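# Observations on the three-dimensional arrangement
Each chain, letter by letter, is given below.
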Amino acid sequence: MATSAYAQSSSWTSFLKSIVSFNGDLSSLTAPVFILSPTSLSEYSQYWSEHPELLVAANQLKPDENATKDEVDVLALKRQIAVTKWFIATLRSQYCSRNESMGAEKKPLNPFLGEVFVGKWETDDEKLGETILLSEQVSHHPPVTAYAIANKTNNVYLQGYNEIRSTISTTSINVKQYGHALLEYRDVGESYLITLPPLHIEGLLAASPFVELEGTSYIQSSNGYITVIEYSGRGYFSGKKNTFKARIYKDQISTINKQNALITISGQWSDKSYISKGSSTPHSKNGDELFYDALASEPLHLSVKPIEEQHELESRKAWLKVSEAIKSSDYDLIHQEKSLIENNQRELRKKEKDAGIKWETRWFDLKDYEDWINEGDNESNPDIFLSLASLSNLSIHNAPSGSLKNSKYDEGEAKHWRFNLKKWEEESEIKI
Ligand code: CLR
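Residues numbered from 1 in each chain as written. Predicted model: local features only at pLDDT ≥ 70, side-chain atom pairs only at ≥ 80, totals over all residues. Heavy atoms only, no water.

## Side note on the overall build of the chain
When its secondary structure is counted, the chain shows 9 helices and 19 strands. The C-alpha radius of gyration of the chain comes to 22 Å, within 12% of the 22 Å expected for a compact globule of 432 residues. Its C-alpha atoms put the chain at 65 × 50 × 50 Å along the principal axes. Across the chain, contacts joining residues at least 24 apart in sequence account for 57% of those joining residues at least 6 apart. (Helix = DSSP H or I, 4+ residues; strand = E, 2+ residues; numbered from the N terminus. Rg over C-alpha atoms; globule rule 2.2 N^0.38 Å. Contact = heavy atoms within 4.5 Å.)

This is the structure:
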């Protein structure tokens, strides 16, 4: 691990001390300038689709009308593999991109309520078409970002939201993700529930932080298949960093025994992984097939309008001055410009309170599933999330992502952020 030149600096050591006495809200930590990112957390939703061809791939695995039952089954499993590949391909962007572009994991700007980040992924490939991103900060305390990603050409829709809760140990910050993603292939009438893995931040003592994924995440398909992905940092599986093992099973019940895996994928999500049939661990040495090579294809970055054309609520426009101050390491200016935004927000909240109104989210609604279950017509109007959560035996409550039903976390409210297409269609001020 590279030790940064800042490791011994007093700003870093006092930051480490402040971490130890911290209250759980990472955004409230005052960090030294060199660890500040000029980018807002609302931008992180873009990491879900830096390989749009993989996001839509499953849609192109449609059986034709006179396909036999076997062919239909084979294609369904192929779609599960394709969705798993897309998910694995998002991880490098999600968890390594700051290290690549800035040399270390950094502390993102803490989005304000109502902040939005939008853009599109354009290609010349007609079959792929355009993919758009809508990302919105739907809560400030705690920070929650909701997003929707749509590819109309392929009728593929991804939506989800993210919240984190952290605890601290002596050498690392442990982060549990809350929220999940829902992926829909409307042409094939298939949907997927995707949970988010826990992670921890290593490299703090060396002042060169990086993320390691841990635990398990799931991809549950509406046709029953489930991918169970286990993560490890260094050592556990092979002594290499960012390793994972993904097993695809026919259904949730089969996950009881690893021998039941139909497909096993193994390797590094930030590098190469291999795939084989059955439950034995694949490896290049055994001549197993390459599954994904994260270094072989460049991520396609989102295109975002020039700042001059952006709305006040758009992330890059709103944070421009703070960003520039961070880039020039001007601590006083950072503080000054940040305070402007924070005070403005405080005033807005006060005005709303005085007027007895609440800030209204723009494109997303908080759906209360307890209400929905009690009042809704579940039979004739089944809900994608509820049916996928039931297939995968996952909690529908606001528990750490991937918590199982009847686990100790399976309690409390069941409120999740959902995209409201109508609201987006009525949007008149913010353009992509
Ligand atoms: C946000 C949602 C994305 C995946 C993702 C990647 C990296 C995570 C980030 C999420 C949340 C904020 C995060 C970040 C890594 C470091 C950063 C936990 C989960 C914290 C706030 C930074 C702490 C400061 C250290 C660098 C010292 O889909």
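Moving on from the model shown.
## Some points on the packing of aromatic side chains
Counted according to the given criterion, the structure contains 14 aromatic pairs. With a centroid separation of 6.4 Å and 70 degrees between ring planes, the pair formed by Trp86 and Phe87 is classed as edge-to-face. Like Trp86, the residue Phe87 is buried in the burial classification. Here the aromatic rings of Tyr95 and Trp269 are separated by 6.3 Å at their centres, their planes lie at 70 degrees, and the arrangement is edge-to-face. On the criterion of sequence distance, the pair formed by Tyr95 in helix H3 (residues 69-102) and Trp269 in the loop between strand E15 (263-268) and strand E16 (272-277) is long-range, its members being 174 residues apart. (Phe/Tyr/Trp six-rings, centres within 6.5 Å; stacked < 30°, edge-to-face > 60°. Buried < 20%, exposed > 50% of the residue type's maximum accessible area, 1.4 Å probe, protein only.)

## What to know about unusual backbone geometry
Note that the residue after His141, namely Pro142, is joined by a cis bond; omega there is 0 degrees. A positive phi angle, near 55 degrees, is found at Ala207, a position not held by glycine. On the secondary structure map, Ala207 appears in the loop between strand E10 (199-202) and strand E11 (210-213).

## Considering H3
Think of an α-helix as turning once every 3.6 residues; residues three or four places apart then point the same way. The terminal C-alpha atoms of H3, which comprises 34 residues, lie 50 Å apart, in line with the 50 Å expected from a rise of 1.5 Å per residue. Directly after H3, the chain includes Gly103, whose backbone phi takes a positive value near 85 degrees. (Expected span 1.5 Å × (residues − 1).)

## Some points on the site of the ligand
Around the ligand sit 15 residues, and of these Gln94, Tyr95, Arg98, Asn162 and Gln177 come closest. A distance of 2.6 Å is found between an oxygen atom of the ligand and a side-chain nitrogen or oxygen belonging to Gln94. In isolation the ligand offers 610 Å² of accessible surface; the protein chains occlude 96% of this area. According to the grid-proximity analysis, the pocket containing the ligand is the largest pocket. Ranked by the residues each element gives to the shell around the ligand, the list is headed by H3, at 3 residues. Partitioned by chemical class, the residues of the shell around the ligand number 8 nonpolar, 3 polar and 4 charged. (Near = heavy atom within 4 Å. Polar contact = N/O pair within 3.5 Å; in protein donor to acceptor, adjacent residues only side chain to side chain. Areas by Shrake-Rupley, 256 points an atom, 1.4 Å probe, with all protein chains shown as cover. 1 Å grid on protein atoms, 1.4 Å probe; cavity = no way out; pocket = protein on both sides within 12 Å on 5 of 7 lines; lining within 4 Å. Sits in = over half its atoms within 2 Å of the grid points. Nonpolar A, V, L, I, M, F, W, Y, C, P; charged D, E, K, R; others polar.)

## A few points about the pairing of strand E4 (residues 131-139)
Burial runs high along E4: 9 of the 9 residues are buried. With 6 bridges connecting them, strand E3 (residues 116-121) and E4 associate as antiparallel partners. Bridge assignment links Gly119 to a residue of E4, and that residue is Leu133. Here 7 bridges tie E4 to strand E5 (residues 144-151), and the two strands are oriented antiparallel to one another. When the sheet's bridge partners are listed, Ile132 is paired in E5 with Ala150. In this structure, the hairpin formed by E4 and E5 is closed by a connection of 4 residues. (Pairing = 2+ DSSP bridges.)

## A short note on the layout of surface pockets
There is about 980 Å³ of room inside the largest pocket. As for the largest pocket, its lining consists of 48 residues, of which Leu26, Leu41, Tyr44, Pro108 and Ile164 are closest to the centre. The residue inventory of the lining of the largest pocket, partitioned by class, reads 29 nonpolar, 12 polar and 7 charged. Quantified by volume, the second largest pocket comes out at close to 790 Å³. For the lining of the second largest pocket, the secondary structure elements donating two or more residues are strand E1 (36-40), strand E2 (107-109) and helix H6 (331-355). No other element matches H6, which puts 10 residues into the lining of the second largest pocket. Partitioning the lining of the second largest pocket into residue classes produces 13 nonpolar, 11 polar and 6 charged. (Points joined across faces, edges and corners; volume = space filled by probe spheres on them.)

## Re the environment of Lys258
Within the secondary structure, Lys258 sits in the loop between strand E14 (243-249) and E15. With a relative accessible area of 43%, Lys258 lands in the partly exposed category. Sequence separation of Lys258 and Tyr178 is 80 residues, and the distance between their C-alpha atoms is 27 Å.

## Topic: the pattern of salt bridges
One pass over the full model with this rule turns up 23 salt bridges. Residue Asp73 pairs with Lys69 through a salt bridge whose shortest N-O separation is 3.0 Å. Taken together, the residues span about one helical turn, with Asp73 and Lys69 both in helix H3 at a distance of 4 residues. Under the relative-accessibility criterion, Asp73 is labelled partly exposed at 32%. By relative accessible area, Lys69 is classed as exposed at 63%. For Lys120, the salt bridge is made with Glu122, and the minimal N-O distance between the two is 3.9 Å. (Salt bridge = Lys/Arg side-chain N within 4 Å of Asp/Glu carboxyl O.)

## A short note on the pairing of E11
What you see with E11 is no split at all: Phe210 and Glu212 on one side and Val211 and Leu213 on the other are buried throughout. Here 4 bridges tie E10 to E11, and the two strands are oriented antiparallel to one another. For Leu199, the partnering residue across the bridge sits in E11 and is Leu213.

## As for empty space enclosed by the protein
Taking a probe equal in size to a water molecule and rolling it over the atoms shows the remaining empty space. Under the criterion given, the structure shown has 1 cavity of 30 Å³ or more. A volume near 130 Å³ is recorded for the largest cavity. For the largest cavity, the lining is made up of 17 residues, of which Gly179, His180, Ser395, Ser401 and Gly402 are closest to its centre. Partitioning the lining of the largest cavity into residue classes produces 7 nonpolar, 10 polar and no charged.

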